[in-house]
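Architecture and fold: a report
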Amino acid sequence: MSPAQEIARRRTFAIISHPDAGKTTLTEKFLLYGNAIHLAGAVKDRKNQRATASDWMELEKQRGISISSTVLQFDFAGCAVNLLDTPGHKDFSEDTYRVLTAVDAALMVIDAAKGVETQTRKLFEVCRRRGVPIFTFMNKCDRPTRNPLDLLDELESVLGLQSSPVIWPLGNGPSFKGVFDRRTRQVHLFERVPGGKFQAPVSVTSLEDPAVRDKLDDHTYNEVKEQLEMLDGAGHPFDLDAVQHGRQTPVYFGSAVNNFGIELLLNGFLQDSVPPAPRKSVSVPVPGAPQLTVAREVPVTDPKFSGFIFKIQANMDAKHRDRIAFLRVCSGKFDRDMVVTHQRTGKQVRLSSSHKLFGRERETVDEAWPGDVIGLVGHSEFGIGDTLTTDRGIIYDEIPRFPSEVFTYISNPNTGDAKKYRAGLEQLLQEGVVQSFTAKNAPPGATLLAAVGPLQFEVVQWRLQSEYNAESRLTPTPWTVLRWLSRADGTPITLNKGSFDYTKLIVASGVSFGTDKFEHPVVLFPNEWTTRYFLEKNPDLRLHELPIEQK
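Not measured: the values here are computed from a predicted model.

**Description of the side chain of T12**
Mapped onto the elements, T12 comes out in strand β1 (residues 10-17). For T12, the contacting residues outside a window of four places in its chain are N82, L84, A102, V103, D104, A105, R328, G371, D372 and V373.

**A short note on unusual backbone geometry**
With a phi close to 50 degrees, A77 is a non-glycine residue in the positive phi region. On the secondary structure map, A77 appears in the loop between β2 (70-76) and β3 (79-85). Located in the positive-phi region is N259, a residue other than glycine, with phi close to 70 degrees. Given the relative accessible area of 1%, N259 is considered buried.

**A closer look at the pairing of strand β30 (residues 521-525)**
For β30, a buried count of five out of five residues is recorded, marking the element as mostly surrounded by other parts of the structure. The alternating pattern of β30 places P521, V523 and F525 and V522 and L524 on opposite faces, both of which are buried. The pairing of strand β28 (residues 481-487) with β30 spans four bridges and is antiparallel. Opposite R483, over in β30, you have V523 as the bridge partner.

**Side note on the confidence of the model for the protein**
As a general rule, the predicted coordinates of low-pLDDT regions are not to be interpreted in detail. Model confidence for the protein is summarised by a mean pLDDT of 86, while 89% of its residues fall at 70 or above. Mean pLDDT in the protein bottoms out at helix α3 (residues 58-63), which sits at 47, and peaks at strand β11 (residues 248-253), which reaches 98. Segment residues 38-57: pLDDT under 50, and 71 contacts once partners within four positions in sequence are set aside and those in other chains are kept. Considering only residues more than four positions removed or in separate chains, one finds that residues 59-68, a stretch of pLDDT under 50, has 40 contacts.

**Points about the environment of G416**
Tracing the chain through its elements places G416 in the loop between β24 (406-411) and α11 (418-431). Taking relative accessible area as the criterion, G416 reaches 63% and is therefore assigned exposed.

**Examining the pattern of salt bridges**
Going through the model one piece at a time under the given rule, you end up with 24 salt bridges. We note a salt bridge from D241 to R247, for which the minimum N-O separation is 3.1 Å. Using a relative accessible area of 43% as the deciding quantity, one classes D241 as partly exposed. One salt bridge in this structure joins D391 and R296, with 3.4 Å as the shortest N-O distance. On the criterion of sequence distance, the pair formed by D391 in the loop between β23 (387-389) and β24 and R296 in strand β13 (residues 296-298) is long-range, its members being 95 residues apart. Residues joined in a network through salt bridges with shared partners are E6, R9, R10, D75 and D372.

Calculation rules
- Residues numbered from 1 in each chain as written.
- Predicted model: local features only at pLDDT ≥ 70, side-chain atom pairs only at ≥ 80, totals over all residues.
- Heavy atoms only, no water.
- Helix = DSSP H or I, 4+ residues; strand = E, 2+ residues; numbered from the N terminus.
- Contact = heavy atoms within 4.5 Å.
- Buried < 20%, exposed > 50% of the residue type's maximum accessible area, 1.4 Å probe, protein only.
- Pairing = 2+ DSSP bridges.
- pLDDT = per-residue confidence, 0-100.
- Salt bridge = Lys/Arg side-chain N within 4 Å of Asp/Glu carboxyl O.

Set out below in structure tokens:
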């Protein structure tokens, strides 16, 4: 197979949703229908049930939620699929936002009884800003739902996204018996299987078949015919170009838990989704390079290898306590043992331990193509956002940054655990689970942590205990706002040799100061009022939501 053919068959996408819309269940059913597993698991593990492949972390099994993004790779229908299951909970949205930089399309899961929810809107906006094509799955049609036409209207009114239904539901709740494929004009009638563990038996026929008439009551049958006529006459026709450029979303209806409509969704998505797209290299100085890199678009067919790291995860293999960096291949061909440049440091690195991923399971991979996600083990120098390449002129700046909203001190109450505690906390900080800062007048031995949501702190504590056997203590702080500090003209403030005197500033009660890991000054505020007061009283200074060099 030629390089162009290998690239064209790649499909790399993320599944996004509001919590509890059925995202992880749908992921599991994709694996079932993609023949990647033979028995579908349950999101909430029971004694007799297999856990899901994507939610491998013990805390995820206990809570029944996704905490960390997972990569699942399999071959199906001639496509090499890289499927990324992401957390839906807003407290872990940073992880999801990073994953969305590494995909070429997104599948948006919506609870058909609730419609578009808060976190769905936020994730959709991230996809829209990046121009990522979005496919929509209206889930849980086996339960009472809203009118399907109303759900389509909401997509357009709330998200501003033109919709074109591909698969339409036959019935609602207990009367949901199957779906109608508007492209083939065929009806797919399903039978339920215990727990949805196996592929649902299906019979394919026409809407006029007496068997369909027997399955549906008079009201449902007449309503479906009326809805389909309305869609044929007044609905948006399917426009593949609009779909692939993010202007239109194909809409599918079904039930992930019962396997209704899943195979149609998977086949339709792989058929209409986009192969890997070009990425933009930025113009910045690179250590060891004679000049700035040139801002340009890097085509997937560029013969030089390049990729960027969008996620780091430690201890996926509890036996080896290793660290894995997730790399999205952007151009060229990856070969195991190849030597690349780590652009942030300018050093040459041999990539000898490379893996294909399936949740926490892995196998050695010898080659990969643009669109693939591979795991690189044993490189402590790699960080989130780093570019690896054989072309010194390529560097990517794909990873978004977001201001933290919650803060806490973390400390080690058991001095006997000090070494394990420090090692564990350092690793979790490298993963980007939370950020750390040095605060003035902090309690002895305490580190200030910052995150998007408080559940991230719980994950840090749980992982320190379970993975490093180290106790930790969280101490609340009064702050709700953190800002980086510069002079009014935007120039950085240096803190060496006492060149900046905090005592001359006019601040409200409760305001404190500190530094980030690069020794850049930050200000901590109890609320927005104290933030505005600071700016009013210190006009020669400026506050930034993000570090100046990251804006």
